[in-house]
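# Chain and residue survey
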Amino acid sequence: MRMTGSVIVGLVCVGLAASAADKVAWPSLTGAARIYFDAIYAPQQVATPLSDSGANAIRVMPDGEIRNGGSRRYGTNVVRLVQCSRDCGFNWTIREADASDAFYRPCPWADYGLNVACVDAGKEQGKWFRRDLGPDGKEIRSRGPIAGITSYGRLLALEKRRRWIFSFYRKCPDRIGYYPCLVYSDDEGQTWSPRVEIHDIALCDEVTPPDASHRWNTGCHEPDIVELSDGTLYMMTRSGVDHAVCYLSHDGGVTWGPRFEPPAFWQSNTMPLLKRLSDGRILCVWNNTQILPKRAASEYPELGPGSLSGRWESVFTNRDALHAAISEDDGKTWIGFREIALNAIRNHEDYRERGNEFWQMRGGHGIDKSVHQAELIEMPKGKVMVCLGQAVSSRRIVVFDVKWLYEKEREETLRGGTEHLSNHLYLKSLNGGYAGWSGHCAFNRVAGAVMMREPDTAAGTKRECLRICRIHDERLVDEHQGVTWNFPAAKKGSVSFECRVDGAGVLVSLCDHWINPCDWAIRERAMASLALSAETLGGPARWGVVTLTWDLEAGRATLACDGRETSAALKAEGFSPFGVSYLHLQTLAMAHDPQGACFRWFRMTGE
């Protein structure tokens, strides 16, 4: 979880990103910086954040300098730092934070800046901070109290109503979980409304198959809000259920309609991020993923009463992929659903211990080895910068061009190995909320499907392929090797790949979200699943090109190779109406099967 209170550096509430309405004088890039920036298209890492992205946010100053807060411990002292870039992320410097780092969100309709922060969660107190320029050009700063704020949050200027709104969350007083809240101001931040509370929250009190134990039952929290073109407010929240939980308000946040769960936005206890870009489009960044089915609690004797009752998730198995989608029509339809980041340590056997920073872990920061949680800023030339992740082993700052979300094809040659695939298996590990040095809710892992020398090649052949098989190993939570591969979402399209089957074959599935490679419930969680055997390819040890096609309108998916084909219904209810975005391959072997199936490449084309 993120911290329950914002850290103030100078007068800045780190945890707030710049808005689309910000007027920024971006620098004119020259030389290598201009070439580098112009060339960025697909997500490109440009820096590593100093600290947990959930506790410190990236922001842009009026002169175009990008700043990202953080901290480091030197001996017994914790020093607040800021990493800065004056050339759109090409070069970065680090310095100690000072009063100049105070960030005020520019007001779109008047010449001042505003900020809001939670200063004492226990006493439910916050403060507003305002910065004006006087008639003589000198800066005037003012501040005042706000009652009822219980956590960090997001400040949003509603241009249609000329209203400021600050959204946050509050702990349920009588049960496990949280609910979203907000306060608003109609007098330029001088006074604020009583707390508006939304009690219609999604709960997962019951254990529902394929889960065999309780999920982390958090209710609805970490809300984010975007103002639509007609003034309607769209709120998206984090929850313990399978999809993001959303709400609409038609009166500027005073009242809210009943909750709903858009089937296109999968998640389970991960934070959403909504951003209206300067051209009016809305960008959503979130983990479009699903957790591995929960094993029976009896398998983990170290779990305490809190975990057993749903207060803590026993393990996070859905935080290794971060996605982005864009809407041109106020959220009615969405484009993309692409991975902007895969966790760099998703396959590491020492996942729980890798990169631990003890002083941060004690403070509750940087303990989640994931690409969960993000903040972003809009940049020139249609690009965005996203600060994401928490632990030092997985967090990063990336830049990408939003045109990349509009692509209709993708190819994976495997020349970089499994760099663009998820292929890990889980080791039986200690679980629970916090387990000493091991940190926060995390199975250790091992690579499952791996690159190996192609079978039946001559001695001098230097060529490898991806092999998916099943190796008996009692250390594993489940032995089913598999891979997931993401591509641009398409209602109608095809995926082709070259493969051969020497063992039991693979289950080929089409999905609208990231599903664990070893998920034993893949048949019910996929939009369609078809078996691929040696017979499909005309016999064992024969290479062939397999084509998997789908049509959401027709409701069918077909697997074909050399005139041999099988088909299955393409599920629609409860799945994304914007199409398929994942290929999921998993061994069909029910016992030890080292031969498995081999793959040379993948290619997707959508319409």
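Structural notes, computed from the coordinates. No experiment lies behind these values; they were computed from the predicted model shown.

Moving on to the overall build of the protein. Within the protein, the regular secondary structure consists of four helices and 41 strands. Computed over the C-alpha atoms, the radius of gyration of the protein is 25 Å, within 12% of the 25 Å expected from 2.2 N^0.38 for a compact globule of 607 residues. When its C-alpha atoms are laid out on the principal axes, the protein stretches across 85 × 60 × 55 Å. Counting the 607 residues in the protein, one finds 61% classified as buried.

This part covers the sheet that holds strand E13 (residues 163-171). Reading across the sheet, the four strands line up as E12-E13-E14-E15 and stay open at both edges, with antiparallel pairing between neighbours. Of all the strands in the sheet, just strand E12 (154-158) and strand E15 (196-197) have a single pairing partner and so form its edges.

With that settled, the discussion passes to the pairing of E13. Sheet faces and side chains relate simply in a regular strand, where the side chains alternate between the two faces. Of all nine residues in E13, eight are buried; the element is thus mostly enclosed. Relative to E13, E12 runs antiparallel, the two sharing five bridges. Within E13, the position partnered with Arg154 by the bridge is Ser167. Following E12, the chain reverses through four residues before pairing antiparallel with E13; Arg162 in that reversal takes a positive phi of roughly 55°. In this sheet, strand E14 (residues 178-185) lies alongside E13 in antiparallel orientation, the contact comprising eight bridges. If you follow Phe168 over to E14, its bridge partner there is Cys181. What sits between the antiparallel neighbours E13 and E14 is a turn of six residues, in which Gly177 has the positive phi angle 120°.

Now for the sheet that holds strand E17 (residues 233-239). Here we have three strands laid out as an open sheet, ordered E16-E17-E18, and antiparallel in their pairing. Every other strand in the sheet has two partners, leaving strand E16 (220-227) and strand E18 (245-249) as the edge strands with one partner each. Taking the axes of each pair of neighbouring strands and ignoring which way they run, one obtains an average angle of 25° across the sheet. With six bridges joining them, E16 and E17 adopt antiparallel strand pairing. Considered in E17, the bridge of Val226 is made with Tyr234.

The relation between two aromatic rings is expressed through the spacing of the ring centres and the mutual angle of the planes. Under the counting rule described, the total for this entry stands at 24 aromatic pairs. Every member of this aromatic cluster is reached through a ring pair, and the members are Trp485, Phe487, Phe497, Trp550, Phe599 and Phe602. Against the face of Phe316 rests Arg319, its NZ or CZ located 3.6 Å from the ring centre. Here the basic side chain of Arg445 rests over the ring of Tyr351, its NZ or CZ set 3.6 Å away from the ring centre.

For the rest of this paragraph, the subject is the environment of Arg154. In this structure, Arg154 sits in strand E12. Under the relative-accessibility criterion, Arg154 is labelled buried at 12%. Along the sequence, Arg154 and Ile225 sit 71 residues apart, while their C-alpha atoms lie 8.2 Å from each other. A polar atom in the side chain of Arg154 sits 3.4 Å from the side chain of Asp224.

With that out of the way, let us pick up unusual backbone geometry. In terms of backbone geometry, most residues other than glycine have negative phi values and most peptide bonds are trans. Following Pro209, the chain continues to Pro210 via a peptide bond in cis, the omega torsion being 10°. Examined against the element boundaries, Pro210 turns out to sit in the loop between E15 and E16. Non-glycine residue Gln373 carries a positive phi angle of around 75°. Using a relative accessible area of 1% as the deciding quantity, one classes Gln373 as buried.

Let us now look at the pattern of salt bridges. Across all of its chains, the model carries 44 salt bridges by this definition. Here Arg319 ties to Asp368 by a salt bridge, and the two come within 2.2 Å at their closest N and O atoms. Highlighted residues: Arg319 in the loop between helix H2 (305-309) and strand E22 (321-327) and Asp368 in the loop between helix H3 (358-362) and strand E24 (374-378), separated in sequence by 49 residues. Accessibility classification places Arg319 together with Asp368 in one group, the buried group. Here the residues in one salt-bridge network are Asp63, Glu65, Arg67, Arg86, Arg95, Asp98 and Asp101, joined through shared partners.

Reading guide: rules and limits
- Residues numbered from 1 in each chain as written.
- Predicted model: local features only at pLDDT ≥ 70, side-chain atom pairs only at ≥ 80, totals over all residues.
- Heavy atoms only, no water.
- Helix = DSSP H or I, 4+ residues; strand = E, 2+ residues; numbered from the N terminus.
- Rg over C-alpha atoms; globule rule 2.2 N^0.38 Å.
- Buried < 20%, exposed > 50% of the residue type's maximum accessible area, 1.4 Å probe, protein only.
- Pairing = 2+ DSSP bridges.
- Axes fitted to C-alpha atoms, helices over the stretch in contact; angles between N-to-C directions.
- Phe/Tyr/Trp six-rings, centres within 6.5 Å; stacked < 30°, edge-to-face > 60°.
- Lys NZ or Arg CZ within 6 Å of the ring centre and 35° of its normal.
- Polar contact = N/O pair within 3.5 Å; in protein donor to acceptor, adjacent residues only side chain to side chain.
- Salt bridge = Lys/Arg side-chain N within 4 Å of Asp/Glu carboxyl O.

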